[in-house]
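This is what each chain is made of:
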Amino acid sequence: TINVRTMLGGGTNTKSSTVAAGLAIGCVTGALLAHVQHKRKLNQRTREVESNDNVDDDMTFNPKFQIPKELLVEECPYKEELKLAIKLALQAGKNIYPHVDNKGTTSESSTASLGISSKSNDADFATTIDIANEKLVMEGIATHFPSHKVIGEEETGTGQPPVLTTDPTWIVDPIDGTANFANGLPLTCVSLGFCVGKKPVLGVVYAPLTCELFLAVKGFGSYRNTCKIHSTSSSFKEEEEEEALKTLSNAIVCFEFGSSRGEQNVKKLVSGMERILQHGCRCTRSLGSGVLDMCYVATGKLDVVYCGMANEGWKPWDYCAGSLVVEEAGGFVRSLQGGYVEEDGFDIYESSMICGVSKALVEESRGVILGLSK
């Protein structure tokens, strides 16, 4: 209970004190409303995270994680695979959330032990959560689709990825952006891609800290939290015209240097970005999650993403789901260093990649990055 007279320091019944009392009550009421709204937002965020305890319920009741009706029509293939992929991605995301959310707080001690093990060098490593997530996904796929093959990042280790055959094959990245995850940065995700005939036909990407679920089915578009997405804006005519004129000079360019080290490799990595900056661009970013980089190109939040200047190119589990999300959103993906045959499309076993909101922007950026043009 708030005593306004006490707050005002007296009890004289004057016009000024009445006005002051009204102002004080207004301030208190505003503060209380702000507090209530803040609590509601916190409770909503908590419900979104805690709802992963029952993933089936989450898919049913959380509107962000429902399957768009366009992907449930009779003509759309892979509906059962899509349902399973979403369920497994949400479950794996639940394993990611606590450590990142608690990092740097008094609750960190309960989730701090990650069992980090190095791969090729100290910058290339895995955690116990990577391994647990991959096991969860592989067991889920084996239970529901025992004839399907699975290629996982952690099972492959530092060796060459298994050859992709024409058999139905899942390609799994249990945590993309492992360094972000380990250090408590929120841009990290689970990526599940599904291939038929050596080509990605389904992609599911879940970023638990940003509460984003990206879906793509070949020929049926890309979606973020049930909303269809496009790499260029189509809301207003003037925005369409602006995007049609998107060039490197007004583009946001994203790059990832990865775990490649050594003097010559570092020089190659820096040379590409040096040429971009000398040419001119709106700004550069390095987000630490290649899969989310591609998803953000698909939504037009980034304009260009590239990798593979110096042996730091990504692997099939980095490309599989994300490249399909980009292509189904109207973006363009190709090899950075190699050739491109339009009928074949992008090969997810490529050692380099560049993607962007349009083919014209990708080709312009590629020419500058490789020093083929200025």
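It should be noted that the structure appears before, not after, this text.
Residues numbered from 1 in each chain as written. Predicted model: local features only at pLDDT ≥ 70, side-chain atom pairs only at ≥ 80, totals over all residues. Heavy atoms only, no water.

### Some remarks on the sheet that holds strand S11 (residues 283-285)
A sheet is described by the order of its strands in space; here five strands give the open sequence S11-S10-S12-S14-S13, paired in mixed fashion. Both outer strands of the open sheet, S11 and strand S13 (332-334), are each paired with one neighbouring strand and no more. Each strand of the sheet is rotated relative to its neighbour by a mean of 15 degrees, with strand direction disregarded. Where S13 lies against strand S14 (residues 353-356), three bridges are found, and the strand directions are antiparallel. What sits directly across from Val333, in S14, is Cys355. (Pairing = 2+ DSSP bridges. Helix = DSSP H or I, 4+ residues; strand = E, 2+ residues; numbered from the N terminus. Axes fitted to C-alpha atoms, helices over the stretch in contact; angles between N-to-C directions.)

### Looking at empty space enclosed by the protein
Enumeration over the complete set of coordinates arrives at two cavities of 30 Å³ or more. Of the voids in this model, the second largest cavity is the one considered here, and its volume is about 30 Å³. Forming the boundary of the second largest cavity are Phe255, Glu256, Phe257, Leu269, Tyr306, Cys307, Met309 and Glu312. For the lining of the second largest cavity, the residue count by class is six nonpolar, no polar and two charged. (1 Å grid on protein atoms, 1.4 Å probe; cavity = no way out; pocket = protein on both sides within 12 Å on 5 of 7 lines; lining within 4 Å. Points joined across faces, edges and corners; volume = space filled by probe spheres on them. Nonpolar A, V, L, I, M, F, W, Y, C, P; charged D, E, K, R; others polar.)

### Describing the pairing of strand S10 (residues 252-255)
For a regular strand, side chains alternate in direction, first toward one face of the sheet and then toward the other. Relative to S11, S10 runs parallel, the two sharing three bridges. Looking across to S11, one finds that Ile252 is bridged to Cys283.

### Some points on helix H9 (residues 263-279)
For H9, which comprises 17 residues, the first-to-last C-alpha distance of 24 Å matches the rise-based estimate of 24 Å (1.5 Å per residue) to within 8%. Those residues of H9 that sit buried are Asn265, Leu269, Ser271, Gly272, Met273 and Ile276. Lining the buried residues of H9 we find S10, S11, strand S12 (304-307) and helix H12 (359-369). Positive phi shows up at Gly280, right after H9, with a value of about 110 degrees. (Expected span 1.5 Å × (residues − 1). Buried < 20%, exposed > 50% of the residue type's maximum accessible area, 1.4 Å probe, protein only. Contact = heavy atoms within 4.5 Å.)

### A word on the layout of surface pockets
Once rolled over the atoms, a probe with the size of a water molecule shows which space is left empty. Approximately 230 Å³ is the volume attributed to the second largest pocket. Forming the boundary of the second largest pocket are Lys199, Pro200, Val201, Lys218, Ser323, Leu324, Glu327, Glu343, Asp344, Gly345, Phe346 and Ile348. Sorting the residues of the lining of the second largest pocket by element identifies strand S6 (199-207) and helix H11 (316-328) as the ones contributing at least two each. Here the lining of the second largest pocket is built from residues that sort into five nonpolar, two polar and five charged.

### Thoughts on the packing of helix H10 (residues 290-298) against H11
One can describe the packing of H10 onto H11 by two numbers: an axis separation of 8 Å at closest approach and a directional angle of 5 degrees. One element, H10, and the other, H11, form an angle in the roughly parallel class. Every residue of H11 that contacts H10 at Val291, Met294, Cys295, Val297 and Ala298 is listed here: Trp317, Asp318, Tyr319, Gly322, Ser323, Val325 and Val326. By residue class, the composition of the contact of H10 with H11 is nine nonpolar, two polar and one charged. (Parallel < 35°, antiparallel > 145°, perpendicular 65-115°, else oblique.)

### Section: the pattern of salt bridges
A full pass over the atoms with the stated rule returns ten salt bridges. Taking the shortest distance from any N to any O, the salt bridge between Lys135 and Glu139 comes out at 2.7 Å. In this pair, Lys135 and Glu139 both sit in helix H5 (residues 128-144), four residues apart, roughly one turn of the helix. Lys246 serves as the salt-bridge partner of Asp303, at 3.5 Å between the closest nitrogen and oxygen. Here Lys246 lies in the loop between helix H8 (237-244) and S10 and Asp303 lies in the loop between H10 and S12, a separation of 57 residues in the sequence. The burial state of Asp303 is the same as that of Lys246; both residues are buried. (Salt bridge = Lys/Arg side-chain N within 4 Å of Asp/Glu carboxyl O.)

### Section: H5
Spanning 17 residues, H5 covers 25 Å between terminal C-alpha atoms, matching the ideal 24 Å at 1.5 Å per step. Within the sequence span of H5, burial applies to Ile129, Asp130, Asn133, Glu134, Val137, Met138, Gly140 and Ile141. What you see down the axis of H5 is that its buried residues fit within an arc of 165 degrees, all on one side. (Arc of directions from axis to C-beta.)

### Details of the sheet that holds strand S7 (residues 212-217)
Remark on secondary structure: sheet strands pair via backbone hydrogen bonds, oriented parallel or antiparallel. Sheet architecture is open: seven strands sit in the order S3-S4-S5-S6-S7-S8-S9, paired in mixed fashion. Every interior strand has two partners, whereas the edge strands, strand S3 (149-152) and strand S9 (227-228), have only one. Bridge count for strand S5 (residues 189-196) against S6 is seven bridges, and the pairing is antiparallel. Within the sheet, the bridge partner assigned to Gly193 lies in S6 and is Gly203.

### Some points on the packing of aromatic side chains
As enumerated under the stated definition, the model contains nine aromatic pairs in all. Ring geometry for Trp170 and Phe194: centres 4.7 Å apart, planes at 40 degrees, overall tilted. Placement of Trp170 in strand S4 (residues 169-176) and of Phe194 in strand S5 is noted, with a sequence separation of 24 residues between them. Looking at Trp170, the relative accessible area reads 1%, which means it is buried. Residue Phe194 is classed as buried on the basis of its relative accessible area of 1%. Among the aromatic residues, those joined into a cluster by ring pairs are Tyr78, Phe145, Trp170 and Phe194. (Phe/Tyr/Trp six-rings, centres within 6.5 Å; stacked < 30°, edge-to-face > 60°.)

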